[in-house]
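Listed below are the residues making up each chain.
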Amino acid sequence: MSWKPNRSSHLTMQEQIIDWVKSRIDKGEWTVGTKLPPQRSLASQFNVNRSTVQLALDELKASGLLHTRAGSGVFVANNSWNILLNNNQPNWHRHIESGIHKPNYHTIQLINEYEQQEGIIRLGTGELSPDLLPTEQIKDSLSEIQLESRAIGYSSPLGNEKLRNVLCTYLKKRDIHTEPDNILIVSGALQALQLISFGLLEQGSVVFQEEPSYLNSIHPFQSSGMRVTSITKELKLKEILKEQKRNRQSLYYAVPTLHNPTGRNWTLEEKERLYDVCKELQIPIIEDDVYHELLFEETYPAMKSFDTSGQVLYLGSVSKTLSPGLRIGWVVAPTPVIHHLADIKMQTDYGSSAFSQEIVAHWISSGMYEEHVSKLRARLKERAAFTEAILEEQFKDTATWEKSEGGFYIWLRFNEPVVNKALFLNLINRKVLINPGYIYMPSDLHHIRLSYAYASLKDLKEALGILKELIS
Ligand SMILES: Cc1ncc(COP(=O)(O)O)c(C=O)c1O
């Protein structure tokens, strides 16, 4: 043993001796039960007073790393490694538990994990199957995109100007008339929800939603301390909203077109009624419209199209139509709101991917986007019909569902409350992944959000067969 404390160190002799003993235990040089040399020989080796060694050892004993056996000497204690670990590492468990953002439900964590596994059939995924994504066309289109160096630098706070102009023209087809200054480009509609939550609501605000709800599966408002309140749109809407809101800030989150998870479409009357009531009570509405391009037949007007009071924060995205990996969505809202959300976004990520924005601007302005979406609708319609035929054949006696009007989902309702965590796990064992209804409405044990958009037709058939087998 040749180590000696360094007399010119900023640490005291005692501190250096403590660190040295700890490092010997940490490296496994002194294992549990090792007897330390007598204090006298340590003092002479370190060239310090015996009292300095004694103080250092006392401190190590007090922290539980060493212990004295009467008459035998000083030994490395039993739990020393644990103590070292705990002393040296931050208490990550405490950090994790006290973090502001809520963790995902365990079921959703498992879904995220198993979605990446080879060989698993994804029966609930809210994503287009790889063969429905225009991968080759996107590759080809890259060579058509004129890239100035500014275009791939940091994006401006509101997002690429070309894209915002293109969106103004595109949104006219949905009867939404807006200006580039009223559009913020975001990294997917999910980011828009986060920005609205941080930027427009004080803690304790009330966020109204319909249950089942996509919001229950992601927590953007719950994690910021908002009270998420589920209501039905039917009777006494005004009285209910008024009573729940009292004098708190609030907003209403709605997915009126191809609702996630139910696939339902609101009637025009329902939209007008909600709009009128919210206007009277000064409750802003988030209209999440990410699925509307996937309506098979009719298009239903967006609430934003008759919004004359700047009441509606309108959300769109290319995730469900072109590519979720581009991470491009948009918010349409009054200018001061857009500028405030853009300011927060700049503090969060310095703008969405400039490259992705160029791609989306090119796809929409060239007409490729609408051409692709039109073909996509036809293919999704075929998939929906195929899936409904299997349901008709195999689940007529055990479940009910509505014929899909578009998008990805069928909200399959089992007559019995069979959709519990055990079913979810049993299906994973059989290599089938579902989105159970309880992630959208915790008390629900009847539903599965069935997606016909991801799995191949062969896999859809096989997985539905396994589902039938497990519930009967
Ligand atoms: C209703 C709804 N809104 C928003 C999103 C988020 O989409 P994005 O990928 O644009 O963030 C999803 C995705 O599943 C969704 O279903």
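What you see is a predicted model, and the numbers here were worked out from it, not measured in a lab.

### Describing the domain arrangement of the protein
- For the protein, the domain assignment lists domain 1 (13-89), domain 2 (106-128 + 371-471) and domain 3 (150-366).
- The C-alpha centroid of domain 3 is placed 26 Å from the C-alpha centroid of domain 2.
- Contacts between domain 2 and domain 3 engage 24 residues on the former and 23 residues on the latter.
- Between domain 2 and domain 3, a total of about 2,100 Å² is buried, with carbon and sulfur atoms accounting for 63% of that surface.

### Some details on the sheet that holds strand E5 (residues 206-209)
- Ordered by their spatial adjacency, seven strands build an open sheet running E4-E10-E9-E8-E7-E5-E6, and the pairing between neighbours is mixed. Each having just a single partner strand, strand E4 (183-186) and strand E6 (227-230) make up the two edges of the open sheet. Strand-to-strand twist in this sheet, taken as the mean axis angle between neighbours without regard to direction, amounts to 20°.
- Bridge count between strand E9 (residues 312-317) and strand E10 (residues 329-332): four bridges; the pairing is antiparallel. The residue bridging Leu315 from the neighbouring strand is Val331, located in E10.
- Most of the contacts of helix H10 (residues 237-245) go to E5, to which it runs at about 150°, and overall it touches E5, E6 and strand E7 (250-254).

### Notes on the environment of Val332
- By secondary structure assignment, the location of Val332 is in strand E10.
- Along the backbone, Val332 and Cys168 are 164 residues apart, and their C-alpha atoms lie at a distance of 9.7 Å.
- Beyond its immediate chain neighbours, meaning those up to four positions away, Val332 contacts Leu171, Thr178, Asn182, Ile183, Lys304, Val312, Leu313, Tyr314 and Ile338.

### Section: the pattern of salt bridges
- Tallied over the full model, the rule gives 18 salt bridges.
- We note a salt bridge from Asp349 to Lys345, for which the minimum N-O separation is 2.9 Å. Placement of the pair is Asp349 and Lys345 together in helix H12 (residues 335-349), with a separation of four residues, close to one helical turn.
- With relative accessibility at 27%, the residue Asp349 sits in the partly exposed group.
- Glu469 serves as the salt-bridge partner of Arg430, at 2.9 Å between the closest nitrogen and oxygen. Here Glu469 lies in helix H16 (residues 457-471) and Arg430 lies in the loop between helix H15 (421-429) and strand E13 (432-433), a separation of 39 residues in the sequence.
- Classification of Arg430 by relative accessible area gives partly exposed; the value is 35%.
- For Glu469, a relative accessible area of 46% puts it in the partly exposed group.
- Bridged by salt links that share partners, the residues Glu115, Arg122 and Glu127 form one connected network.

Each value, and the rule that gives it
Residues numbered from 1 in each chain as written. Predicted model: local features only at pLDDT ≥ 70, side-chain atom pairs only at ≥ 80, totals over all residues. Heavy atoms only, no water. Domains from an automatic or database assignment. Contact = heavy atoms within 4.5 Å. Buried area = accessible area lost by both parts, 1.4 Å probe. Pairing = 2+ DSSP bridges. Helix = DSSP H or I, 4+ residues; strand = E, 2+ residues; numbered from the N terminus. Axes fitted to C-alpha atoms, helices over the stretch in contact; angles between N-to-C directions. Salt bridge = Lys/Arg side-chain N within 4 Å of Asp/Glu carboxyl O. Buried < 20%, exposed > 50% of the residue type's maximum accessible area, 1.4 Å probe, protein only.

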